[in-house]
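Inside the fold
Residues per chain, in single letters:
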Amino acid sequence: MTELSHLISSPKSLLVFEAAARHGSFSRAAKDFNISQPSISRNIAQLEQDIGQPLFVRGAGGASLTEAGQFLFAAASEGLTRIAEAVAALRAQSDIQSPEIVLSLSNAFVTNWLVSRLAVLSDSFPEAVLRFDLVAGTRQKVAGEVDIATLIADPAPGAIVLAPEVIVPVCSPDYLSAHGRVAGPDAMSGENAVTGHRFLHLSDHPKSIWAPVLGKSAAGTGGIWHEFSDYAAIVQAAMDGSGIALGWLSVVAGSLRSGRLVPAWDGGWIETGRVVQLLSTRPGPMRPMAQDIARWICARMDEDIEAVADLGAGPRVRRRPQHNMWDGPGIR
C-alpha cells in the first residue's frame with residue numbers, strides 16, 4: 001500500500017479540505033483552523049495539485065464539490081470520524097485512570113466542614129490527587145469540567161443529594177450568653193426587636209432572606225448589619241462571636257455538632273425544599289474514584305446531620321433520599 005505521505009505534500013491540506021467540504025464554505029473552514037481564507041485556498045490548491053484533479057468548482061455563490069471532491073470527502077470523513085472516536089475513547093480511558101480529582105466546592109463548605117476531615121479523606125483514598133476549585137459566594141451553575149461540585153437546586157431524579165437545604169440562625173456560645181436569642185418573627189415588632197444584635201449577611205442575598213427569622217418588617221432593619229461577599233468569612237465571624245449568621249446546615253453541621261456554633265433562636269430549622277447536590281460536569285457517568293469520594297462525603301455529612309438533628313433546635317431533618325444515584329449520566 002502506498003503511504004499517504006508519498007501522495008500528498010501535507011496531511012494538513014487533507015484536514016482543511018474535509019472542513020471546507022463539510023461546511024461548504026472556505027470562510028467557515030478558516031474559522032475552524034483560526035487561519036485566513038486565502039490560506040485555506042492555498043492548502044486546497046496544493047491538495048488539488050497533488051491529486052491532479054479539481055476538488056471544488058469555484059463560483060460567485062461559493063464553492064461546490066466536484067465528483068472527485070465528493071469521492072475524497074466520503075473517504076476523508078469516514079477516516080477522520082474513526083480517528084476522532086479512537087482519540088475520544090483513549091482520552092476517556094486516561095480520565096478514568098487519572099488519580100487527579102477536581103472538586104469545585106463552596107469556600108465555606110471546604111473551610112468549615114471538609115478541611116477538618118481532609119486528613120481522614122486523604123488516608124481513605126491515598127491514591128487520589130485532590131485539586132480544589134473554591135467558590136466564594138453563591139453560584140447558579142458549575143463552569144468547566146470537574147469531578148465533584150456542589151450546587152443547590154430543586155430535587156431531581158438520580159441526583160446525588162449531600163443534604164437538604166436547611167437554614168438555621170447560628171452564633172457562638174459566648175455571643176448567645178451575652179446577647180440571648182432573637183425572638184422569632186411572631187414576637188418581632190420592628191427595630192426594637194433586634195436592637196443589640198449584630199447580623200452577618202452574605203451580600204449575594206437580599207435582606208428579605210432573613211424574613212423567616214426576623215419577620216418581614218424587621219428583616220434588614222435595626223441592629224447592626226455587617227455584609228460579606230464570602231460566606232466562609234461569615235461563618236468564621238459567627239464562631240468568633242461577632243454576630244448571628246444564617247447557617248446552611250451543609251456548612252455548619254460540623255460546627256453545631258462540636259458546639260462551636262449554637263442555634264441563635266428557638267424557631268426551629270428552615271427547610272427550603274431544595275437540596276445540596278453533588279454532581280459531575282464531565283461527560284458520561286461520574287468517574288469511579290469520584291463516586292467513592294462522593295459516597296464518603298455523603299456518609300460523613302449523614303453522621304453530622306444525624307447528630308445535630310437531636311439538639312432540640314427544631315424538627316428532625318429529613319435524611320437525603322436513598323435511591324440508585326451513582327450510575328446516572330454526568331450533569332452538564
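This text goes with the structure placed above it.
Here is a short report on the structure shown in this document. Computed from a prediction, not measured in an experiment: that's the story for all the values here.

Remark: a regular strand shows side chains that alternate across the two faces of the sheet. For strand E5 (residues 148–153) and strand E11 (residues 270–279), the ladder comprises five bridges, and the chain directions are antiparallel. Bridged to Ile152 within E11 is Val276. Two elements, strand E6 (residues 160–171) and E11, share six bridges in a ladder whose sense is antiparallel. Looking at E11, one finds that Val166 is bridged to Glu271.

Using the criterion set out here, one finds 13 salt bridges in the structure. The salt bridge partner of Arg117 is Asp304, with a shortest N-O separation of 2.5 Å. Highlighted residues: Arg117 in the loop between helix H5 (107–114) and helix H6 (118–124) and Asp304 in helix H11 (residues 288–308), separated in sequence by 187 residues. In this structure Asp304 comes out as buried when scored by relative accessible area, which is 1%. Between Asp266 and Arg181 there is a salt bridge, with the nearest N and O atoms lying 3.4 Å from each other. Here Asp266, found in the loop between strand E10 (262–263) and E11, pairs with Arg181, found in the loop between helix H7 (173–179) and strand E7 (198–202); they are 85 residues apart in sequence, far enough to count as distant.

Counted by the stated rule, this structure contains seven aromatic pairs. Ring geometry for Phe17 against Phe56: centres 5.7 Å apart, planes inclined by 65°, an arrangement best described as edge-to-face. One end of the pair, Phe17, is in helix H1 (residues 11–23); the other, Phe56, is in strand E1 (residues 56–59), with 39 residues separating them in the sequence. Both residues of the pair, Phe17 and Phe56, count as buried. Both rings, one in Tyr231 and one in Trp248, keep their centres 5.6 Å apart while their planes meet at 85°; by these two values the pair is edge-to-face. On the criterion of sequence distance, the pair formed by Tyr231 in helix H9 (residues 231–239) and Trp248 in strand E9 (residues 244–248) is long-range, its members being 17 residues apart. Exposure class is identical for Tyr231 and Trp248. Each is buried.

How each quantity is defined
- Residues numbered from 1 in each chain as written.
- Predicted model: local features only at pLDDT ≥ 70, side-chain atom pairs only at ≥ 80, totals over all residues.
- Heavy atoms only, no water.
- Pairing = 2+ DSSP bridges.
- Helix = DSSP H or I, 4+ residues; strand = E, 2+ residues; numbered from the N terminus.
- Salt bridge = Lys/Arg side-chain N within 4 Å of Asp/Glu carboxyl O.
- Buried < 20%, exposed > 50% of the residue type's maximum accessible area, 1.4 Å probe, protein only.
- Phe/Tyr/Trp six-rings, centres within 6.5 Å; stacked < 30°, edge-to-face > 60°.

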